[in-house]
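Residue strings, one per chain:
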Amino acid sequence: MDRRDLLKMIMATTGVAMVGGDAFGYEMKGQVPLSKTIFSSDDVILFNEVAEVILPRTSTPGAKDANVGLMALILANDCYTSKERDVLVQGLQSLNEQSQKDYGSPYLLLNTQQQTEFVTQLDVDAKTYNNKQDIYYLSVTPYDRNSNDDKPLPHYFTLIKQLTLFSFFTSKEGATKVLRYEATPGKYNGELEYKKGDRAWAT
């Protein structure tokens, strides 16, 4: 899947342009260990469990198979502004607090049905919040925000969902086992057979 198409899909799914998208596209970063970020291994576990509801394993890998939490949180640490990171950090804490309030248990102790119900409601709440704050995407250009910007930020679940989709579809599992993948450069084929229902290509 072309990066531009992926960002369009994320915007269409969440209703908000990709937060940190400018940094994802234009800043080259070396490999960063989790220990060098503001996040912990517990944050990765929680993120993965939430992400698995968004992209569950079926006949193809799910979010946990790709360990999207690790990539997502490193991306957030490196590519979000400090205010955006604060929304995500506080959001992960709020998620557990809301789960405790709604079900009497932290999110990780909920059963599969409860987790699905909870995340589905979070998605509804996020879209409602973003609409009330007039947070929309207006174009296909990367999301652009600096640290001094005082415009309202998206709901924390919007950040989780965007990071999940971006991390999964750029992972090895997402690109090779969910999308169709062919390494490039490769030979030119001007008459590639297409069958209705074929998966999109990863590029």
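Residues numbered from 1 in each chain as written. Predicted model: local features only at pLDDT ≥ 70, side-chain atom pairs only at ≥ 80, totals over all residues. Heavy atoms only, no water.

Visitor: Explain unusual backbone geometry to me, using residue names and the numbers behind them.
Guide: The general pattern is negative phi for most residues beyond glycine and trans for most peptide bonds. You will see that asparagine 67, though not glycine, has its phi angle at about 50°, which is positive. Relative to the helices and strands, asparagine 67 resides in the loop between α3 (41-54) and α4 (68-79). The partly exposed category is assigned to asparagine 67, whose relative accessible area is 31%. (Helix = DSSP H or I, 4+ residues; strand = E, 2+ residues; numbered from the N terminus. Buried < 20%, exposed > 50% of the residue type's maximum accessible area, 1.4 Å probe, protein only.)

Visitor: Any chance you could break down the packing of helix α6 (residues 112-132) against helix α7 (residues 156-169) for me, citing the residues and the numbers?
Guide: Following both chains from N to C, one finds α6 and α7 inclined at 115°, their axes separated by 8 Å at the closest point. Relative to α7, α6 is oriented roughly perpendicular. Viewed along their axes, α6 and α7 form a crossing whose handedness is left-handed. Seen from α6, the contacting residues are Val119, Leu122, Asp123, Ala126, Lys127 and Asn130; seen from α7, they are Tyr156, Phe157, Thr158 and Lys161. Among the residues forming the contact of α6 with α7, the class breakdown is five nonpolar, two polar and three charged. (Axes fitted to C-alpha atoms, helices over the stretch in contact; angles between N-to-C directions. Parallel < 35°, antiparallel > 145°, perpendicular 65-115°, else oblique. Left-handed = near helix turned anticlockwise from the far one by under 90°. Contact = heavy atoms within 4.5 Å. Nonpolar A, V, L, I, M, F, W, Y, C, P; charged D, E, K, R; others polar.)

Visitor: So what about the nonpolar core? Which residues, and what values?
Guide: By size, the foremost hydrophobic cluster in this structure holds 40 residues, and its most contacted members are Leu88, Leu95, Phe157 and Ile160. When residues in this core are grouped by element, the largest group, nine residues, is from α7. Apart from the residues lying within four places of it in its own chain, the contact partners of leucine 88 are Phe39, Leu73, Ala76, Tyr80, Leu159, Ile160 and Leu163. (Core = buried A, V, L, I, M, F, W, Y, C linked by side-chain atoms within 4.5 Å.)

Visitor: Talk me through α4; I want residue IDs and the actual numbers.
Guide: Over its 12 residues, α4 extends 16 Å from the first C-alpha to the last, a length consistent with the 16 Å expected when each residue adds 1.5 Å. Val68, Gly69, Ala72, Leu73, Ile74, Leu75, Ala76, Asn77 and Cys79 are the residues of α4 that are buried. (Expected span 1.5 Å × (residues − 1).)

Visitor: An account of the environment of asparagine 111 is needed here, citing residue identities and associated values.
Guide: Examined against the element boundaries, asparagine 111 turns out to sit in the loop between α5 (82-103) and α6. At a separation of 2.7 Å, a polar atom in the side chain of asparagine 111 contacts the main-chain amide nitrogen of glutamine 114. (Polar contact = N/O pair within 3.5 Å; in protein donor to acceptor, adjacent residues only side chain to side chain.)

Visitor: Give me α5: which residues, what numbers.
Guide: Helix length check: α5 (22 residues) gives 31 Å between terminal C-alpha atoms against 32 Å at 1.5 Å per residue, within 8%. All buried positions along α5 are accounted for by Glu84, Val87, Leu88, Gly91, Leu92, Leu95 and Ser99. Considering only its buried residues, α5 is in contact with α3, α4, α6 and α7. Of the residues trailing α5, glycine 104 is marked for its positive phi of about 80°.

Visitor: Break down the pattern of salt bridges for me, with residues and values.
Guide: Evaluation of the coordinates by the stated rule reveals four salt bridges. For aspartate 65, the salt bridge identified is with arginine 57, shortest N-O distance 2.7 Å. For aspartate 123, the salt bridge is made with lysine 127, and the minimal N-O distance between the two is 3.7 Å. Note that aspartate 123 and lysine 127 are positioned in helix α6 at a spacing of four residues, about one turn of the helix. The class of aspartate 123 is buried, set by a relative accessible area of 18%. We classify lysine 127 as partly exposed; its relative accessible area is 37%. (Salt bridge = Lys/Arg side-chain N within 4 Å of Asp/Glu carboxyl O.)

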